[in-house]
Structure formats: structure tokens, C-alpha cells
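Overview (structure and organization)
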Amino acid sequence: MAGRELTSLRSPRVKAARRLAKRAFRRREGRFLAEGPQAVREALRIPGGLAELFTTAEAEARHPELVAAAEQAGAPVLRVSGEVMAELAQTVTPQGLLAVCGFLDVPLGTALETGPELVTVLAHVRDPGNAGTVLRTADAAGSEAVVFTDASVDPYNGKCVRASAGSLFHLPVVVGPRFDTLVPELRGAGLRILAADGAGERTLDEGIEDGLLARPTAWVFGNEAWGLPEEILRHVDEVVRVPIHGRAESLNLATAAAVCLYASARAQRSQRERSRS
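In this report, we go over the structure that sits alongside the text. (Residues numbered from 1 in each chain as written. Predicted model: local features only at pLDDT ≥ 70, side-chain atom pairs only at ≥ 80, totals over all residues. Heavy atoms only, no water.)

A few points about the pattern of salt bridges
Put simply, the rule reads: When a carboxyl oxygen of Asp or Glu lies within 4 Å of a side-chain nitrogen of Lys or Arg, that pair is called a salt bridge. Under the scheme used here, helices are H or I runs from DSSP no shorter than 4 residues and strands are E runs no shorter than 2 residues, and both carry numbers assigned from the N terminus. We call a residue buried when its accessible area falls under 20% of the maximum for its residue type, exposed when it is over 50%, and partly exposed in between, using a 1.4 Å probe and counting protein chains only.
Applying the stated criterion across every chain yields a total of 14 salt bridges. In this structure, Arg 23 engages Asp 154 in a salt bridge whose closest nitrogen and oxygen atoms are separated by 3.8 Å. With Arg 23 in helix H2 (residues 23-29) and Asp 154 in the loop between strand E6 (145-148) and helix H9 (158-164), the pair connects residues that are 131 residues apart, well separated along the chain. Owing to a relative accessible area of 39%, Arg 23 belongs among the partly exposed residues under this scheme. Put simply, Arg 23, Arg 26, Arg 27 and Asp 154 are held in one network by salt bridges that share partners.

Put into C-alpha cells, the structure is as follows:
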């Protein structure tokens, strides 16, 4: 189990972890912070995924199996005071477990080499909470990869990691391609590129009825406030809007993504079932 409790923010190990709150340091070190037992549990399932574990005495008593698993995996376990954990975790109510993890993203070619039928693309998505929620939704809907374009938030941002609720560790994540270079790669993998945008002429319902959503698809979701810019819309195959049947002006990003991804997942599953019968 963890040894002497670290109580100073000046401890070299604590200072190194605190620096990972900044993107420049994350990129330089190839590491990020993941808070809470769920994130630690998921990191432990990846060989070498957990590089270091910070824990409070209380959390260590609540989750001895995670601490033991981290030690068995060869990761240093460092016990820290509640004050130090509060600074490391950067949340209002820290959960007492904080993992230092190695980057997980893969090259685009690696994510597409398996021939995915459903891919999620975040283009110009700037809010880390929204991005993490879409990542979690993509995982739940069965998306086989998530792409963060160069104009989107860093998926290793602490708020994004927390909002993903462990899904960051579940599926291939691609970071940083420009959208114009991404398009031919997606099409080369047999994917039809659909943009979710309120200006779309075709509705999601129509896409379900005419079989559009049953095809292998890369869904593109845009900025929370202004959607997708014209330079992206002109590259996609179809612009599809979620129909609004009530009086709401629009749906937020995460909700729209959930509706679109689950619609595609259902249409593709039905298509596979028809093909087998």
C-alpha cells in the first residue's frame, strides 16, 4: 500500500502531476490526469495505461482493490493529503483517486483499418464538457471511433475526461487531423459523411425511411453555439437536421449527437438483421 503521506504541493511528484492540467505540458509528457474510481478502473484494463496513482487515505480504504491492482501493475501509488488532492483534482468534491495515464489516441489509419460502420467526428467543438459527453454517447451507441479535429478541444482536458465517464478508455480516439484531410480518408474507408446541422434539407426521419442511415456512416457534429461552418458543410455528403416537433428552438450538442448516433445504430442493426434473414 501507499507509504508516507505527501502533504506539500512542492513535492516533485505532485508538481509534475499538477502541470498536466495544462495542455502544453500534457503534450510534452504524453500524459493526462483521470479522476475517480471509474477512470482508474478503466485505465487499469489497458496494459501500461496507468502510470501513477495518487490516493487519499480515505479513498485507499474505500477502494483497496484498485490500489492493489495499481501496485500489481507496477504503477507507483502515492498517498496525499486531502489538501493536495483538492489541488490535483481541480474539482469541487474530489473523489480521492487520481490517475496519471499515458495518451491513448491512435493514428487515423489505425482507427479506420477495421472497417468501422459508425464513426463520430467532432469539428470545432470547444466545450470540454460537451465533448466528453459526446464521447460517452458515441461509446454507448456503438460508435467504433471518435475523431477530434484540429479545431476541437483537447480530449485530455480534465473536464472532458471526467465527462466521458471512462469512455475515453473504451474506443479508438483520433486527435488533430484537419477536416479537409480527414474527408478522403473517411470515404476511402467506405464511410458516407453526414453533418448534423439545423440547416439540413433532409430530416433524420427521412434518412431513416430511405435507408441513408443504414449505410456505414461518419457523423460530423459542430460547435455548440454556431454549428458547422460552410467550409466543412461543403465537404460532406449530406447535411441532416433533427426534426423539432415541439416549440424548442434547437437541441444541445450532446442531445443531437445521441439522437443521430442511436438512429444510425438502429438502422444499421436492422439492416444486418434483414441481411441474415
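Let's pick the thread back up.
Notes on helix H10 (residues 179-188)
Stated precisely, the cut-off is as follows: It is the directions from the helix axis to the C-beta atoms whose arc is reported. The criterion used for residue contact is that any of the two residues' heavy atoms lie within 4.5 Å.
Along H10, the residues classified as buried are Phe 179, Leu 182, Val 183 and Leu 186. When H10 is viewed along its axis, its buried side chains cluster within an angular range of 110 degrees and face the same direction. In this structure, the buried side of H10 is in contact with helix H7 (108-112), strand E5 (118-122), E6, strand E8 (192-196), strand E10 (217-221) and helix H12 (230-233).

Brief notes about the nonpolar core
Quick reminder of the rule: The definition of a nonpolar core used throughout is a set of buried Ala, Val, Leu, Ile, Met, Phe, Trp, Tyr and Cys residues joined through side-chain atoms within 4.5 Å.
One finds Phe 32, Leu 53, Trp 219 and Phe 221 to be the most contacted residues of the largest nonpolar core, which totals 53 residues. The element that contributes the greatest number of residues to this core is helix H13 (residues 253-276), accounting for eight residues.

Notes on the packing of aromatic side chains
Two aromatic rings, taken as a pair, are described by how far apart their centres are and by the angle between their planes. For clarity, the threshold we go by: Planes of paired rings set the category: under 30 degrees apart is stacked, over 60 is edge-to-face and the rest tilted, where pairs are Phe, Tyr or Trp rings (Trp by its six-membered ring) whose centres lie within 6.5 Å.
With the rule as written, the count across this model stands at five aromatic pairs. Measuring from centroid to centroid gives 4.8 Å for Phe 32 and Tyr 156, while their planes differ by 35 degrees, and the two rings are tilted. In this pair, Phe 32 is assigned in strand E1 (residues 31-35) and Tyr 156 in the loop between E6 and H9, connecting sequence segments 124 residues apart. Plain terms: the ring middles of Phe 103 and Tyr 156 are 4.1 Å apart, the flat faces sit at 10 degrees to each other, and that makes the pair stacked.

Concerning the environment of Gly 30
In this structure, Gly 30 sits in the loop between H2 and E1. For the pair Gly 30 and Gly 102, spaced 72 residues apart in sequence, the C-alpha to C-alpha distance is 5.9 Å.

Overview of the sheet that holds E6
Threshold: If DSSP finds at least two bridges between two strands, the strands pair.
Taken together, the seven strands give an open sheet; going across it, the order is E7-E6-E5-E10-E8-E11-E9, and neighbouring strands pair in parallel fashion. The open sheet is flanked by strand E7 (173-175) and strand E9 (202-203), the only strands paired with a single partner. As judged from the two bridges shared by E9 and strand E11 (residues 238-241), these two strands associate in the parallel manner. Across the sheet, the residue bridging to Thr 203 is Arg 241, located in E11.

Just geometry here; none of it tells us what the structure is for.
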